[in-house]
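Coordinates in review
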Amino acid sequence: MSVIDVAIVGAGFAGLAMAGALRRAGRDDIVVLERADDVGGTWRENTYPGVACDVPAHLYSLAAHPNARWSRTFAPGGEIQAYLRDVAAREGLGDRLRLRTPLLGAWWDAAGSLWRLDTGADEPLLARSLVLACGRLTEPHVPDIPGLESFGGPIFHTARWDHGVDLTGQRVAVVGTGASAVQLVPELARRAGHVTLFQRSPAWIVPRGGDDIAEADREHLATHPGDLARLRADLYAEGEQRYASRSGDAAASAAARAVALDHLHAQVADPALRAVLTPDYAFGCKRVLLSDAFYPAVASDAVTLEPTALAAVDGSTLTAASARSHDADVLVLATGFASTQQPYADLVHGEVETLAAHWSRGMTSFGSTVVAGFPNLFVLNGPNASLGHNSAVLMAEEQAAYVVRALCERDRRSEPVLRVRPEAEAAYTDEIAAAAASTPWLTGGCRNWYVDDRSGRLTLLWPGTVQAFRERLAGTDGSEFEPAHAPHVGTAASGIAPATPAARPTRATAPAEPVDATPTLRPTTAAQPTIATPAHPHA
């Protein structure tokens, strides 16, 4: 039975970035497994009205595949999906890309020093190394609401949009006011009979800006690649500046909060409505949203804002926590995803336990990429690899570069196995905890999807800039792995106590190649953010 060198699970941004990095490094013995019938990840799954990215398109793309032909500053979801199809074609993956091939289970085979993957085929797929690029926002979260099953009309999650439902003239209820709802509600206000919006807590919203990109400008960027590269570098630098306001720098946060409040006051005239749309928690505690259309929609006669959560359902009657009742014909759940407990973790069996068991008190890793007890396993978009201020695509690219370097280390060993030292994982987890300790994500007075409810740790976000992450990974020297001939000692799930709080990671101002240094998370005085440019990808 043949053995593949690297199996990649997932064909979204991260999976395609990984495949491309491996092929450019001369590693063609790969396979990309995708459960769906097309590439695209979240941009394949999310097709609700108004879906778009809230990172400028020229930055929300792979460095190896710049696209001068984006039609808008913030690309619609369908255009991003088309871009990823084009990337897959340009990478020439051919039969290395296996669509309709789900990962049903993965087991580390210590005797063979390889991973056995169940994809539903007659025989398992064998791979020396396994890369999980499954995404962190893949499984919709459906809240436990009494009577939800009694609703008689169409009911669906934004990530599973039912395009067969005609919303014209319908009474549509939307549950949630996060990133998806902010894009969706203005679209529904134009086509539904009436919209009722259930808001558990309001979001900080700043102006979106952006516009169509003229054909002449697209043509100029296509024929002047240097200008396209400079545009991307400028957008990157603006994103890095936003880290200050998102992470709790007092002056930057105050300036950003003022922009958000001015935006609210300019678009909502009714003081009572403004009051219930004003957050009572720190700027940056939850994901900062971008919209020029949401407030006008909510302030219009087409939308009724219910400023409390949906508490119960009885047929077509929806009762809020305020005890007010609303009737609806269609119910849309804009309630987010199972983010801190990754669904794929139950499928992956390491040396002594599943990944879900290892992460039972919150996700942990070294370098946000490798995990103790799971040899030759790499996780992209996993623990502390998301961002609240810049393009998450940049993080996936840095992780992919780290994987390529780690595989070179694997190949130098007489036993081609990389086992993460548990103490290296514990130390990295302590770094994250120390850097995050005083940030709004933990102290800002809100509940967010960045923090694991079981441990209270920040497990989704990287508490630093992209540059700090780049330097952290580039500074690794292989010492995070057990020596080549070290005896195997199984690891079990354990709680890791946070270290003494430390200052936030450093801020960078421009993209750079990895440097040969081992940086630490150190204090910084961050610059005032540029607010008008958005923060991070929508889904």
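Structure first, text after, so check above.
All figures in this text were calculated on a predicted structure; none of them were measured in a lab.

Structural notes on the state of the cysteines
The final tally for this structure, using the stated rule, is one disulfide. Between C285 and C446 runs a disulfide, and the two sulfur atoms are separated by 1.9 Å. Disulfide C285 to C446: torsion about the S-S bond roughly -100 degrees, handedness left-handed. Separated by 161 residues along the polypeptide, C285 in the loop between α9 (271–276) and β11 (289–290) and C446 in the loop between α14 (440–443) and α15 (466–474) bring together distant segments of the chain.

Notes on the sheet that holds strand β14 (residues 317–320)
On the basis of which strands lie adjacent, the open sheet formed by three strands has the order β13-β14-β15 and antiparallel pairing. Of all strands in the sheet, those bounded by a partner on one side alone are β13 (310–314) and β15 (325–327). Shown here is a sheet whose adjacent strand axes are inclined to one another by a mean of 25 degrees, direction ignored. As defined by bridge partners, β14 adjoins β15 across three bridges and the pair is classed as antiparallel. Within β15, the residue paired with T319 across the bridge is S325.

Points about the packing of helix α1 (residues 13–24) against helix α12 (residues 392–412)
For any two helices packed against each other, one specifies the crossing angle of their axes together with the interaxial distance. Viewed as axis vectors pointing N to C, α1 and α12 meet at an angle of 40 degrees, and their least axial separation amounts to 9 Å. Here α12 runs oblique to α1, going by the angle between their axes. Note that α1 runs across α12; the crossing there is right-handed. Between α1 and α12, the residues in contact are F13, A14, A17, M18, A21 and L22 and V393, A396, A400, V403, V404 and L407, respectively. In terms of residue class, the contact of α1 with α12 is made up of 12 nonpolar, no polar and no charged.

Considering the pairing of strand β4 (residues 105–109)
Counting buried positions along β4 gives four out of five residues, so the element sits mostly inside the fold. Taken together, the five bridges between β4 and strand β5 (residues 114–118) define a ladder with antiparallel strand orientation. When the sheet's bridge partners are listed, W107 is paired in β5 with R116. If you look at the hairpin formed by β4 and β5, you'll find four residues sitting between the two strands, and S113 has a positive phi there, around 50 degrees. Pairing geometry for β4 and strand β17 (residues 348–349), over two bridges, is parallel. From the neighbouring strand, A106 faces β17, where its bridge partner is V348.

Some thoughts on the side chain of D54
Topologically, D54 is positioned in the loop between α2 (42–45) and α3 (77–90). Residue classification places D54 among the buried positions, given a relative accessible area of 5%. A polar atom in the side chain of D54 sits 3.4 Å from the side chain of R287.

Some details on the sheet that holds strand β7 (residues 155–157)
For sheets, the rule is that strands pair by backbone hydrogen bonds, running either parallel or antiparallel. Pairing within the open sheet is parallel, and its five strands lie in the order β7-β16-β8-β9-β12. Taken across any chain shown, the strands that pair with only one partner, and hence form the sheet edges, are β7 and β12 (303–306). Pairs of neighbouring strands in the sheet enclose a mean axial angle of 20 degrees, with direction left out of account. Summarising the sheet, strand β8 (residues 171–175) and strand β16 (residues 330–333) pair through four bridges and their orientation is parallel. Looking across to β16, one finds that A173 is bridged to L331. Across the sheet, helix α4 (residues 179–191) touches β8, β9 (194–198), β12 and β16, and the angle it forms with β8 is around 170 degrees.

Describing the packing of aromatic side chains
In total, this model carries 13 aromatic pairs according to the counting rule given. Summarising the aromatic geometry, the rings of F13 and Y83 are spaced 6.1 Å apart at their centres and angled 35 degrees between planes, so their arrangement reads as tilted. With F13 in helix α1 and Y83 in helix α3, the pair connects residues that are 70 residues apart, well separated along the chain. On the basis of relative accessibility, which here comes to 10%, the residue F13 falls in the buried class. Consider the rings of W204 and F283, whose centres lie 5.8 Å apart with planes at 55 degrees: the pair is tilted. Of the two residues, W204 sits in the loop between β9 and β10 (205–206) while F283 sits in the loop between α9 and β11, which places them 79 residues apart along the sequence. As far as burial versus exposure is concerned, W204 and F283 are alike and both buried. Aromatic rings pair up to connect F13, W43, Y60, W70 and Y83 into one cluster.

What counts as what
Residues numbered from 1 in each chain as written. Predicted model: local features only at pLDDT ≥ 70, side-chain atom pairs only at ≥ 80, totals over all residues. Heavy atoms only, no water. Disulfide = S-S within 2.5 Å. Helix = DSSP H or I, 4+ residues; strand = E, 2+ residues; numbered from the N terminus. Pairing = 2+ DSSP bridges. Axes fitted to C-alpha atoms, helices over the stretch in contact; angles between N-to-C directions. Parallel < 35°, antiparallel > 145°, perpendicular 65-115°, else oblique. Left-handed = near helix turned anticlockwise from the far one by under 90°. Contact = heavy atoms within 4.5 Å. Nonpolar A, V, L, I, M, F, W, Y, C, P; charged D, E, K, R; others polar. Buried < 20%, exposed > 50% of the residue type's maximum accessible area, 1.4 Å probe, protein only. Polar contact = N/O pair within 3.5 Å; in protein donor to acceptor, adjacent residues only side chain to side chain. Phe/Tyr/Trp six-rings, centres within 6.5 Å; stacked < 30°, edge-to-face > 60°.

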